[in-house]
Amino acid sequence: MPKPAATVEQHIKASFDGLTRTERQLANHITRHYPVAMLGSITALAKAAEVSTPTVVRLAQKLGYKGYPDFQAVVRSEVEERLVSPIAKHDRWAEGAPDAHILNRFADTVVGNLQATLSQIDHAEFDAVARLMADPARKLFAVGGRITHAMADYFVTHMKVIRRDVTLISDMPGAWPPALIDMTAGDVLLAFDIRRYENNVLALVEMAAEQGVEVILMTDQWVSPAAEHARFRLSAHIEAPSAWDSTVALQVLVETLLAAVQGLTWDETQARMKRLEDLYARARFFRRSK
């Protein structure tokens, strides 16, 4: 397996001039979405880049790899190194700790969850979700369960800066019926529901879908019953060596969605950010550093 000094992304860019038109199209797609584009199947990559699977194979071989699996393995290794190095190397954060230490076991599990989650996310579906959330004609709502309400709150706090008409639905009993009054066909509801799945979330999602609301469900690998009523589903791996599940992979999906929507609405978002900073300054909201 080739081991170039540069990263795979840099290797692709350095080889760009020697590629055919379709190979360049594929290379552009990979570098624009690196490294996530390389974490799925060869069929998914070819479809996303709008090229044939033989083109993927030819590019891999032209770059010096035996084929796509060999090519992908190097990218996965890079991703693993990026994710693991800050938290899993004993000489960086847990010198002297045995391999079986809870920090090591938990970190290894979280990294595995993230890799498994990214490998199964459909890019086209993810992009469609981002476009829905960026549409100013649609009101955006978010709701979570007993544990995931904090993630819905985090999402709304940031999304309120990015765009207008964003509402957090309270996790208090009885909060969802009044929320349905303000939802109209075409609005967007982001619902979080991981095991143990909650009846309130299921009821809200079901009734919102009946009203024509576009439901986006963030759930786990076992999939909430609310998925039956959702237009889009983003599943994350959450199992961890703990009495509680890990929401790290879900958090990555949330933050990536925020970044995607921000990119689609940047002109409006930039203006809102500037206005918000002016208001913070007038209110002396933040302490000045000495």
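Residues numbered from 1 in each chain as written. Predicted model: local features only at pLDDT ≥ 70, side-chain atom pairs only at ≥ 80, totals over all residues. Heavy atoms only, no water.

Residues and numbers for the overall build of the protein chain, please.
For the protein chain, the helix and strand inventory stands at 13 helices and five strands. For the protein chain, buried positions account for 41% of its 290 residues. Contacts spanning at least 24 positions in sequence make up 65% of the contacts within the protein chain whose residues lie at least 6 apart. In the structure as shown, the protein chain presents an accessible area of about 15,800 Å², 53% of it carried by carbon and sulfur atoms. (Helix = DSSP H or I, 4+ residues; strand = E, 2+ residues; numbered from the N terminus. Buried < 20%, exposed > 50% of the residue type's maximum accessible area, 1.4 Å probe, protein only. Contact = heavy atoms within 4.5 Å. Areas by Shrake-Rupley, 256 points an atom, 1.4 Å probe, with all protein chains shown as cover.)

Break down the pairing of strand β5 (residues 232-236) for me, citing the residues and quoting the values.
Judged by how many residues are buried, β5 sits mostly within the fold: four of five residues are covered. Where strand β4 (residues 214-220) lies against β5, five bridges are found, and the strand directions are parallel. Each bridged residue has a counterpart across the sheet, and for threonine 219 the counterpart in β5 is serine 235. (Pairing = 2+ DSSP bridges.)

Mind laying out the sheet that holds strand β2 (residues 166-168), listing which residues take part and the relevant values?
Here five strands make up an open sheet; going across it, the order is β2-β1-β3-β4-β5 and the pairing parallel. For this open sheet the edge positions go to β2 and β5, each flanked by a neighbour on one side alone. On average, each strand axis in the sheet is inclined to that of its neighbour by 15°, with strand direction left out of account. Lying over the sheet, helix α11 (residues 199-210) contacts β1 (140-143), β3 (188-192) and β4, oriented at roughly 160° with respect to β3. Contacts between helix α12 (residues 248-264) and the sheet are confined to β3, β4 and β5, with β5 contributing the most and set at about 135° to the helix. (Axes fitted to C-alpha atoms, helices over the stretch in contact; angles between N-to-C directions.)

So what's going on with the pattern of salt bridges? Which residues, and what values?
Enumeration over the complete set of coordinates arrives at six salt bridges. For glutamate 23, the salt bridge identified is with lysine 62, shortest N-O distance 2.9 Å. A residue pair is termed long-range when its members are at least 10 positions apart, and glutamate 23 in helix α2 (residues 21-32) and lysine 62 in helix α4 (residues 53-62) qualify at 39 residues. Residue lysine 62 is classed as partly exposed on the basis of its relative accessible area, which comes to 43%. (Salt bridge = Lys/Arg side-chain N within 4 Å of Asp/Glu carboxyl O.)

Could you give an account of the environment of leucine 204, naming the residues involved and the relevant values?
Structurally, the position occupied by leucine 204 is in helix α11. For leucine 204 and valine 143, which are 61 residues apart along the polypeptide, the C-alpha to C-alpha distance reads 9.0 Å. Those residues within four positions of leucine 204 in sequence are excluded, and the remaining contacts are Val143, Ile169, Trp176, Leu180, Met183 and Leu189.

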